[in-house]
Amino acid sequence: MQEANNAAQTSGALKADTTSQASAPVQTPSAPASTNDSVTKKAQPNTQAKLGKKRISKATQRKARLFRHRALRYAVQALFFVLAPGLFSAAFSGVKYIAGQIGALSPVELTSFVLLLIVVVGATVIMGRFFCGYACAFGFLGDLVYDATAALRHKIGIPDLTFPEPLVKVLQLLKFVVLAGICALCFLASYSEVSSYSPWTAFAGIVAGSTEGIRTGAFALLAAIVALMALRKRAFCQFLCPMGAIFSLLPMLPFAIRDRNEARCPKSCGQCRKNCPVDIWPDKGSLQSGECIACGDCAVNCPLGNISVLRLGVDTKTLKPKFQISGSFWASILVKAALLLIGCWLVGALRFVPSPQDVLPFALPWMLN
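A brief report on the enclosed structure follows. Owing to the predicted nature of the structure, the values given are computational and were not obtained by experimental measurement.

### Regarding the nonpolar core
Turning to step 1, where the next piece is worked out: Counting residues in hydrophobic clusters, the biggest one holds 61 residues, and the most contacted among them are Phe131, Phe138, Met243 and Leu340.
Turning to step 2, where the next piece is worked out: Contact partners of Phe138, with chain neighbours within four places excluded, come to Trp200, Phe203, Leu222, Ile225, Met229 and Phe236.
Turning to step 3, where the next piece is worked out: Counting five residues, the second-largest nonpolar core is a separate cluster that includes Cys272, Cys298, Ala299 and Cys302.

### What to know about the sheet that holds strand β3 (residues 321-326)
Turning to step 1, where the next piece is worked out: Spatially, β1-β2-β3 is the arrangement adopted by the three strands of the open sheet, whose pairing is antiparallel. What marks the edges here is a single partner per strand, and that holds for β1 (259-260) and β3.
Turning to step 2, where the next piece is worked out: Across two bridges, β1 lies against strand β2 (residues 307-314) in antiparallel orientation. Looking at β2, one finds that Asp259 is bridged to Ser308.

### Points about a nonpolar patch on the surface
Turning to step 1, where the next piece is worked out: A cluster of nonpolar side chains, Ile102, Val108, Phe187 and Leu188, forms an exposed patch at the surface whose accessible area comes to about 390 Å².
Turning to step 2, where the next piece is worked out: Note on placement: Val108 falls in the loop between α3 (87-103) and α4 (112-127).

### Some details on the pairing of β2
Turning to step 1, where the next piece is worked out: As paired elements, β2 and β3 share five bridges and run antiparallel to each other. What sits directly across from Arg311, in β3, is Gln324.
Turning to step 2, where the next piece is worked out: Where β2 folds back on β3, the antiparallel hairpin that results is connected by six residues, among which Leu319 adopts a positive phi of roughly 65°.

### Thoughts on the packing of aromatic side chains
Turning to step 1, where the next piece is worked out: Considering all chains together, one arrives at 13 aromatic pairs under this definition.
Turning to step 2, where the next piece is worked out: Aromatic pair Phe131 and Phe247: ring centres 5.8 Å apart, planes at 65°, arrangement edge-to-face. Taken as a pair, Phe131 in helix α5 (residues 130-135) and Phe247 in helix α12 (residues 242-249) lie far apart in primary sequence, 116 residues in all.
Turning to step 3, where the next piece is worked out: Using a relative accessible area of 3% as the deciding quantity, one classes Phe131 as buried.
Turning to step 4, where the next piece is worked out: What links up through ring pairs into an aromatic cluster is the set Phe88, Phe92, Phe138, Trp200, Phe203 and Phe236.
Turning to step 5, where the next piece is worked out: Here the guanidinium or amino end of Arg70 rests over the ring plane of Tyr74, the centre of that ring lying 3.9 Å away.
Turning to step 6, where the next piece is worked out: Seen from the ring of Tyr134, Arg73 lies directly overhead, with NZ or CZ sitting 5.8 Å from the centre.

### Some remarks on unusual backbone geometry
Turning to step 1, where the next piece is worked out: Despite not being glycine, Ala189 shows a phi value in the positive range, around 60°.
Turning to step 2, where the next piece is worked out: One can find Ala189 in the loop between α8 (174-187) and α9 (199-208).
Turning to step 3, where the next piece is worked out: Judged by its relative accessible area of 62%, Ala189 is exposed.
Turning to step 4, where the next piece is worked out: Residue Arg234 is not a glycine yet carries a positive backbone phi of 45°.
Turning to step 5, where the next piece is worked out: Along the polypeptide, Arg234 turns up in the loop between α10 (216-231) and α11 (235-239).
Turning to step 6, where the next piece is worked out: A residue is classified by how much of its surface remains accessible, and Arg234, at 3% relative accessible area, is buried.

### Digging into the packing of α3 against α4
Turning to step 1, where the next piece is worked out: At a minimum axis distance of 8 Å, the contact between α3 and α4 shows a crossing angle of 110°. What the angle tells us is that α3 and α4 run roughly perpendicular. Considering the relative orientation of α3 and α4, their crossing is left-handed. Contacts between α3 and α4 involve Leu87, Ala90, Ala91, Ser93, Gly94, Val95, Tyr97 and Ile98 from the former and Phe113, Val114, Leu116, Leu117 and Val120 from the latter.
Turning to step 2, where the next piece is worked out: Residues belonging to the contact of α3 with α4 are distributed by class as follows: eleven nonpolar, two polar and no charged.

Thresholds applied
Residues numbered from 1 in each chain as written. Predicted model: local features only at pLDDT ≥ 70, side-chain atom pairs only at ≥ 80, totals over all residues. Heavy atoms only, no water. Core = buried A, V, L, I, M, F, W, Y, C linked by side-chain atoms within 4.5 Å. Buried < 20%, exposed > 50% of the residue type's maximum accessible area, 1.4 Å probe, protein only. Contact = heavy atoms within 4.5 Å. Pairing = 2+ DSSP bridges. Helix = DSSP H or I, 4+ residues; strand = E, 2+ residues; numbered from the N terminus. Patch = residues over 30% accessible without salt bridge, like charges linked within 9 Å, V, L, I, M, F, W, Y side chains within 5 Å. Areas by Shrake-Rupley, 256 points an atom, 1.4 Å probe, with all protein chains shown as cover. Salt bridge = Lys/Arg side-chain N within 4 Å of Asp/Glu carboxyl O. Phe/Tyr/Trp six-rings, centres within 6.5 Å; stacked < 30°, edge-to-face > 60°. Lys NZ or Arg CZ within 6 Å of the ring centre and 35° of its normal. Axes fitted to C-alpha atoms, helices over the stretch in contact; angles between N-to-C directions. Parallel < 35°, antiparallel > 145°, perpendicular 65-115°, else oblique. Left-handed = near helix turned anticlockwise from the far one by under 90°. Nonpolar A, V, L, I, M, F, W, Y, C, P; charged D, E, K, R; others polar.

Printed below as a string of C-alpha cells:
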C-alpha cells in the first residue's frame, strides 16, 4: 500500500514538472542581436572620430597652405624691397619722361628709366602683373599695413572698407584719371610744379632717407593713402595706381592669366572673389582680367583647386583637368621672381649686387653711351 502511494506521488510530481515546463515562456536566443547592437554602437563613434579627423586634417592642411603661400609672398616682396625699392618710382618716371618728350616734340632716348619701364612692361606681358603682386614696394607697404592692423581693427570693431560690386568697377576707373592727369601735366611741362606734392615722391624720399624739398602736403597725401590701405586690401593698387592703369591695358600671354574652371565651381562658393584683393572673378575672358595683380590668393583659397594658369585635357566624368599648373604654384612664383630680378639687374636697377659691367665680359648695347 505504501509503495502504491509513493508511486502515485512520484507520478504527480513528474506531471507537475512537465506542466510547468510546458507553461513557461520559450526564450529565443537574443545574444547575437545584442552583440550586433554593441558592435554598431561602437562602430558609430569610431566612424565619427575618423570623419572628424579627416575634417580637421583638411582644415589644417588649408591653413598650412595659406601660411606657406603668405610666407613665400612676403619673402619675395621683402627681397625686391631690399634690392630694388625704387622700381615703381623709376618705372613710372619712364612714363613721365616719355610724355614730356612727346609734349616737347623731342626724341625719346633710351634712358635708365625707359629701360626699366621696358623690362617691367615686358615682364607683365609675359608673366602677368607679377610686378604688382610681388615686386612693387608700394604694394608691399599696402600688404604690411593691412595685415599689421587687421587684428587691432577687428578687435575694436572697425570693419574693412567694402563697396558694392558695381561701385568697385566705377572706382577702378579712377586710376586712369590719375594717369591721364599726370601725363597731361608732363606733356605740358608743368609736372615739376606739383611733383613736390606727390605721395610717390614722399615715399621715395622716405625709402632713400632724404626728404629735402618735399612738401608737407606730399606726406599728408601719403598718410591718407596708408590709412586707406589699412581699411582695404590693395586699395591704392585698385583705385589710384597710375602704373596699375597701364598694366591693366597691356595684352598678356594666355598662361600669364589666372583662370577658374567654372564648370566645377559650386554656385554658393565664391571664395576666389571673396579673397581677391582687387575684387574680381578669375576669369580669363573677363574684361576685368587685366585688374588681376597675380598674387595667387584666389588659387590658394579655392577649396577645389579650380584656379590655374594652365590646364590640359579634361576628365569628362569629374570635369577635372588631366594636367594643370595652379595659380599659386610656388615654383612658378620663384621662376618669375628670378626672371624679373635678372631683367632689373641687366639694366642696373638692383642694389647691393655687382653691376653687369663688373660681371659680364662684354658691354651691353645700352651701356655703350
